[in-house]
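As a plain string of letters, each chain reads:
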Amino acid sequence: MRHDWEHGGAIDRMQAQFPNAPLPWIDLSTGINPWPYRGPGYGADIYDQLPTQRAYLECRDAMANAIQAPPESLILAPGSEAIIRALPHHVSLKRVAILNPTYGDHEQAWSRAGCDVIEVTDPLALADEVDAVIVCNPNNPDGKQFAREALLSARARLNAHGGWLIIDEAYCDLYPELSLAAHGGQDGLIILRSFGKFYGLPGLRLGAALAPEDLCRRLTEQFGAWPVSSAALHIGTKAYRDQAWQTHTRTELRLAREMLDQVFRSNGLEILGGTDLFGFIRVEDATALWRRLAESGLYVRRFDALPHALRIGLPADEIQLVRVNEALSLSA
């Protein structure tokens, strides 16, 4: 396993580094729904056989319906991270414009593939000059949103010279109106989707790519006969079909994010952005505040390239929210 410390979620390493922190630790480092999808009970028999093609298609179709995508444009994978790493082996690019700041693995994957990576605040403006534009919508860590019309225009400009628009919609389940999933399969468009963040089950390792037919075929061949576990297919199918849970969860997450924002404001912190799964705040010294919060048993996300910002996920309950408020008050 790698990148846990860099990406968050390494609570065991935090406990080792800060052994005197009060217990229990609160992990707010990952931007994942603190109230996971549970749905109907799951029997142990979902682990007793290899994933079937029928189960794969049921999950694919349930996901396609939930995000309003053409089913034939969508393939499932063991998490969107696997797709990020696979794409450079199937799409030949020389110059890539990537939003900055954003999820760092996109830059890593294309840089390692030998691409000239241009990190800019407005990558869509370079659609006529580069082989691909990569954005997260909404963006991680600052929550920046791109209008669908602007993205579609960029795709058309890129496609006109054989280029690609790659959109990471890992947090788009929060805001379905932002998604280009309905355009899945169009030439020059690749969309990545992640199950774990909105549904709160990152350990299932379930994601998807929406792409033109030939690229879907090549990715499918790379991921092999059993790209996703039986459990992921079973649980994913139920979750994507549970529209009532989805609607209720969006409301609950929005309210929880408003409460977290109020804690930030009451402690004099500037809110730079975020989504309904995390807040993104400006601080004088991010490393110093990160350490003080860790000493209070709070694990939040810092970024080496952003010395004046922290990302803080949603507390799971009022007790956790109070601890966040108390720790920020002591740090003020």
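It should be noted that the structure appears before, not after, this text.
Residues numbered from 1 in each chain as written. Predicted model: local features only at pLDDT ≥ 70, side-chain atom pairs only at ≥ 80, totals over all residues. Heavy atoms only, no water.

Trainee: Please provide a residue-by-residue account of the state of the cysteines, values included.
Mentor: Under the definition given, this model contains 0 disulfides. With no disulfide of its own, Cys 136 has Cys 172 as its nearest cysteine by sulfur position, at a separation of 11 Å. Overall, the relative accessible area of 3% leaves Cys 136 in the buried class. (Disulfide = S-S within 2.5 Å. Buried < 20%, exposed > 50% of the residue type's maximum accessible area, 1.4 Å probe, protein only.)

Trainee: Tell me about the pattern of salt bridges, and name the residues and values.
Mentor: Pairs can form between side chains of opposite charge once their charged atoms are near each other. Here the structure, examined in full by the defined rule, presents 14 salt bridges. Across the pair Glu 81 and Arg 85 runs a salt bridge, and its minimum N-O distance is 3.0 Å. Separated by 4 residues within a single helix, Glu 81 and Arg 85 lie in helix H4 (residues 80-86), roughly one turn from each other. Taking relative accessible area as the criterion, Arg 85 reaches 22% and is therefore assigned partly exposed. One salt bridge in this structure joins Arg 257 and Asp 276, with 3.4 Å as the shortest N-O distance. On the criterion of sequence distance, the pair formed by Arg 257 in helix H10 (residues 243-266) and Asp 276 in the loop between strand S9 (270-275) and strand S10 (278-282) is long-range, its members being 19 residues apart. The same class applies to Arg 257 as to Asp 276, namely buried. A single network of salt bridges, built from pairs that share partners, joins Asp 214, Arg 217, Arg 218 and Glu 221. (Salt bridge = Lys/Arg side-chain N within 4 Å of Asp/Glu carboxyl O. Helix = DSSP H or I, 4+ residues; strand = E, 2+ residues; numbered from the N terminus.)

Trainee: Please set out the sheet that holds S10 residue by residue, giving values where relevant.
Mentor: Taken together, 4 strands build an open sheet; the order of strands is S9-S10-S13-S12 and the sheet is antiparallel. One side of each edge strand has no neighbouring strand; the edge strands of this open sheet are S9 and strand S12 (301-303). Neighbouring strand axes in the sheet, compared pairwise and without regard to direction, differ in orientation by 25 degrees on average. Alignment of S10 against strand S13 (residues 306-313), held across 5 bridges, turns out to be antiparallel. (Pairing = 2+ DSSP bridges. Axes fitted to C-alpha atoms, helices over the stretch in contact; angles between N-to-C directions.)

Trainee: Go over the packing of H10 against helix H12 (residues 318-331) with me, naming the residues and quoting the values.
Mentor: Two elements in contact, H10 and H12, have axes whose closest approach is 10 Å; the angle formed by their N-to-C orientations is 20 degrees. On the basis of the axis angle, H10 is roughly parallel to H12. The element H10 and its partner H12 pack so that their crossing is right-handed. Two secondary-structure elements touch here, H10 through Met 259, Leu 260, Val 263, Phe 264 and Ser 266 and H12 through Leu 321, Val 324, Asn 325 and Leu 328. A per-class count over the contact of H10 with H12 returns 7 nonpolar, 2 polar and no charged. (Parallel < 35°, antiparallel > 145°, perpendicular 65-115°, else oblique. Left-handed = near helix turned anticlockwise from the far one by under 90°. Contact = heavy atoms within 4.5 Å. Nonpolar A, V, L, I, M, F, W, Y, C, P; charged D, E, K, R; others polar.)

Trainee: Describe the sheet that holds strand S3 (residues 95-99), with residues and values.
Mentor: The strand order S2-S8-S7-S6-S5-S3-S4 describes an open sheet built from 7 strands, whose pairing is mixed. On the outer flanks of this sheet lie strand S2 (74-77) and strand S4 (116-120), each paired with one strand and no other. If you compare each strand with its neighbour and ignore which way they point, the axes differ by 20 degrees on average. Across 5 bridges, S3 lies against S4 in parallel orientation. Looking at S4, one finds that Leu 99 is bridged to Val 120.

Trainee: Before we move on, could you go through the packing of helix H3 (residues 53-67) against helix H9 (residues 230-241) and cite the residues and values that matter?
Mentor: Where H3 contacts H9, the axes come no closer than 8 Å and their chain directions differ by 30 degrees. With respect to H9, the element H3 is oriented roughly parallel. Relative to H9, H3 is oriented so that their crossing is left-handed. Each of Ala 55, Tyr 56, Glu 58, Cys 59, Ala 62, Met 63 and Ala 66 in H3 lies in contact with H9, whose residues at this interface are Ala 232, Leu 233, Gly 236, Thr 237, Tyr 240 and Arg 241. Residues of the contact of H3 with H9, tallied by class, amount to 9 nonpolar, 2 polar and 2 charged.

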